[in-house]
Amino acid sequence: MKSEEKFSKLFQANPLALTLTSARDNRYIDVNRVFERITGWERDEIIGRTPFEIGLWMEPRLRAQMICTLASGNPVHNIEFTVRTRSGELRVGLGSAELVEIDGEPCVLSVAADITERARDAALLREREEHFRIVANSVPVVIWMTGPDTHCTYVNQVWLDFTGRSLEMELGYGWTENLHPDDAQNCLDCYARAFERREPVQVEYRLRRRDGQYRWFLACGVPRFEPNGTFSGYIGSAMDISSRRELEDALSALSQRLIDEHDGERVRLARVLDDDINQRLATLTPSLQMLERRLPASEFTLRQALEDATHEVQNVMRDLHGLSAGLHSPTLDVLGLGAAAAGLCRQIADRYGVVIGCRAEAMPPKSQLAVSRCLFHVLEDVLQAAVDVGSVRSIDVSLSGTVDEVALSIHVRGSGFDPDQLAGVQGLGVRSLQERLKLVGGALSVDTTVSVGTTVCARVPLPAQ
Amino acid sequence: MTAMRHPRVLLADDHVLVLNAMAKFLAEECVIVGEVSDGLTVVAAVERLQPDIVLLDIGMPQVDGLTLARQIRTTSPAVKLVFLTMYEDPEMVVDAFRNGASAYVLKRSAVSELSLAIREVMDGRKYITPLLADHLVAALHDGSELKAPILTDRQKDVLRLLVRGLSMKETAAALNVSARTVAFHKYQAMAELNIKSTAELIQYAVKHHIV
């Protein structure tokens, strides 16, 4: 096969649009079938005519520049241009051209790909991104995005205005420079965990404002996926919750004060009942009994009346002591947390017919009264809630101490109860237990599985002595 | 109690009215050698007055009656301790006897019961008010708080090494914990066993084969 024939076959079979034009006068010498399909012009109609004559180039200047470049001995690569087809439709091409010599004549061999759809998609994407930026910058919250590698790829103007830094400074891990040092690690850990599991993330942290003040933010994010399911990072928002936190802190402080006052009042009342009223009553019984002894046997009616009065005083003393012990456990003060917890478990077990196992080891010294009282009240509230609201099979109570902390674990076997039901107990609830624990730097966790049971754990650090 | 001699009784209660009432009631059958309303002076009063019996309240400010019992047991082991208290918890009763009590009577008990308790104690027996019988039986049945002192595995580990003569630091290194943690376990064990010195602790370990 002659080389001319080979060239012609390759020319026609090429999947890209090819044209061969004269470098002298721009007239078409040949075009292939792909060119015909894209432009709508048939080969026979345009051979001998120029692209300018058929109005193909939307910007003829581009074609002229291309010829100049080629004439200066340089090839032309990847220029984007727009053509008008025979039907008037505009299409976008990406082309290259070379100067070749055919039969001694300088010619321009051009090759072009139709990138109309791609260009349209790119324009659409640009438009969408622009819309996104307009929306993202007009909402009063922070908007952020990351890539699949956890690097930040975008924060909106709200963030930039808040931090007073440039977008470039915040990209990647730059944004973490604004985090409060106490919150940074927890924040990054939360994000890392969520990224690993591709789960929604929610985290609170303090962010440094441009004036150096820190404000609390709540950030929420969700994973993004491409249509083919490929993970492409996270998108999320963050809002300033400092006012809410301040309110919560104020509420917490108030709750703690109320709890403290309430406990103090209970102790005071318990002492009045046991240490004052009951002690005074305790002086009555010997007097009554001495009086009874001194009466002659014949005064049996009077003796019986004195005996009845003595019994009544004793009963009142018993009831007052019960009332006092219910308000404040003397065992807690005298013997410590382990013994008081064991006594409480036994009382609840007796009263409600529930099996309660209680184990206590390495209890805090009696000098750690605040810690002991706190955990005792938590135990009291949870046991009461369990017997009040749940179908309880049995309860295991475990108290264990280490050099640094004391842990209380209450496992209630039965139908399990919603922790919110704790709200019914003496007007207290989980929130109240949390506030009570906060008073001594402790924390609470509640885990309920319906039909299995509920486990409540409280941990309190021991202050150094 | 013999008919010839009335027991010498020291009354210790922070409630003066109770002290006076008891003193009057017991005057016919006991010699009241003193009345102390301040917990801090009880031990010294016992040493000075050498009573046969100390009638002791538990709920006293500054030093509670159970702590005083431990101290009196050390300084005056022959003295009998009779608790007269408001506290009805079985845990208190158990701890009272663990600390050397001879009798436990409630303030709401009939005072004649107190006379009985004193006689029983003077005859070398123990006495617990029948008013607490139900509570104690229930607690014994439950068994949770009346069990003998039990050391944790970690406390035993510490004890074993201390018995072998290791110092706190060496014990800490052997167990790969801090010296503070070793001290914590040691003092928890001492509290559980109601032991006041390291020497007593070592003796306990040897006696109970924790070596």
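Think of each chain on its own: its residues are numbered from 1, step by step along the sequence as written. Whichever chain is written first is A, and whichever ligand is written first is 1; the rest continue in order. At least 70 in pLDDT is required for a residue's local features to be given in this predicted model, at least 80 for side-chain atom pairs to be given and counted, and no such filter applies to totals for whole chains, interfaces and linings, which use all residues. Only hydrogens and water are removed before side-chain values are computed, so all heavy atoms of the structure are retained for them.

K.L.:
Would you take a moment to explain a nonpolar patch on the surface for this structure?
P.N.:
Residues and elements named next belong to chain A. A surface patch of nonpolar side chains, amounting to about 300 Å² of accessible area, comprises Leu-251, Leu-254 and Leu-258. Structurally, Leu-254 is set in helix α9 (residues 242–282). For each residue, the accessible area found with a 1.4 Å probe, counting protein chains only, is set against the maximum for its type, and the residue is called buried under 20%, exposed over 50%, and partly exposed in between. Classification of Leu-254 by relative accessible area gives partly exposed; the value is 48%. Think of a patch as exposed residues, more than 30% relative accessible area, with no salt bridge, where like charges cluster within 9 Å and nonpolar side chains (Val, Leu, Ile, Met, Phe, Trp, Tyr) cluster within 5 Å. The Shrake-Rupley method, run with a 1.4 Å probe, gives the accessible areas here. Residue values count only the displayed protein chains as cover. In what follows, salt bridge is the name for a side-chain nitrogen of Lys or Arg lying within 4 Å of a carboxyl oxygen of Asp or Glu. Starting at the N terminus, helices and strands are each numbered in turn, a helix being any DSSP run of H or I of at least four residues and a strand any DSSP run of E of at least two.

K.L.:
I tried to follow the side chain of B:Gln188 on my own but got confused; where do I start?
P.N.:
With respect to the element layout, B:Gln188 can be found in helix α9 (residues 179–193). By relative accessible area, B:Gln188 is classed as buried at 11%. We call two residues in contact whenever any of their non-hydrogen atoms come within 4.5 Å of each other. Ignoring any residue separated from it by four or fewer positions in sequence, one finds B:Gln188 in contact with A:Ala362, A:Met363, A:Pro364 and B:Gln155.

K.L.:
Which parts of the structure should I look at to understand the confidence of the model for chain A?
P.N.:
Segments scoring low in pLDDT should not have their predicted coordinates read at a detailed level. Residue and element names in this part refer to chain A. Looking at chain A as a whole, its pLDDT mean stands at 89, while 96% of the residues score no less than 70. Summarising per-element confidence for chain A, the mean pLDDT is lowest in helix α1 (residues 3–13) (81) and highest in helix α7 (residues 167–170) (96). Known as pLDDT, the predictor's confidence for each residue is given on a scale from 0 to 100. Note on residues 423–427: pLDDT under 50 across the span, and seven contacts to partners over four residues away in sequence or across chains.

K.L.:
Looking at this model, I keep getting lost on the sheet that holds strand β1 (residues 17–22) of chain A. Mind explaining?
P.N.:
What holds strands together in a sheet is hydrogen bonding between their backbones, with the strands either parallel or antiparallel. All names here are of chain A. Taking strand neighbours across the sheet as the criterion, the five strands line up as β2-β1-β5-β4-β3 in an open arrangement whose pairing is antiparallel. Of all the strands in the sheet, just β2 (28–31) and β3 (76–84) have a single pairing partner and so form its edges. Strand-to-strand twist of the sheet, defined as the mean angle between neighbouring strand axes without regard to direction, takes the value 30 degrees. With six bridges joining them, β1 and strand β5 (residues 105–114) adopt antiparallel strand pairing. Looking at the pairing, Thr-21 lines up with Val-108 of β5. To define axes, lines are fitted to C-alpha atoms, for helices over the stretch in contact only, and angles between the resulting N-to-C directions are given on a 0 to 180 degree scale. On top of the sheet, helix α5 (residues 116–138) reaches β4 (90–102) and β5; it is set at about 135 degrees to β4, its chief contact. Strand pairing is assigned whenever DSSP identifies at least 2 bridges connecting the two strands.

K.L.:
Teacher, can you tell me more about the layout of surface pockets here?
P.N.:
Empty space among the atoms becomes visible once a probe the size of a water molecule is rolled across them. The computed volume of the second largest pocket comes to approximately 740 Å³. When residues of the lining of the second largest pocket are traced back to their parent elements, those giving at least two are α11 (300–327), α12 (330–335), α13 (337–352) and α14 (369–389) of chain A together with α4 (90–98) and α6 (133–142) of chain B. Ranked by residues supplied to the lining of the second largest pocket, first place goes to α13(A) with eight residues. Cavity means a closed set of points on a 1 Å grid over the protein atoms alone, one where a 1.4 Å probe fits but cannot get out, pocket means an open set with protein on both sides within 12 Å along at least 5 of 7 lines, and lining means a residue has an atom within 4 Å of a point. Grid points are joined across faces, edges and corners, and a volume is the space filled by probe spheres set on the points.

K.L.:
Honestly, the sheet that holds strand β4 (residues 80–85) of chain B in this entry has me stumped. Any pointers?
P.N.:
All names here are of chain B. Here six strands make up an open sheet; going across it, the order is β2-β1-β3-β4-β5-β6 and the pairing parallel. In this open sheet, the two edge strands, each paired with only one partner strand, are β2 (31–36) and β6 (127–128). Relative to strand β3 (residues 53–56), strand β1 (residues 8–12) runs parallel, the two sharing four bridges. Bridging from a neighbouring strand, Val-9 pairs with Ile-53 of β3. Helix α3 (residues 65–75) contacts β3 and β4 of the sheet and is inclined by roughly 175 degrees relative to β4.

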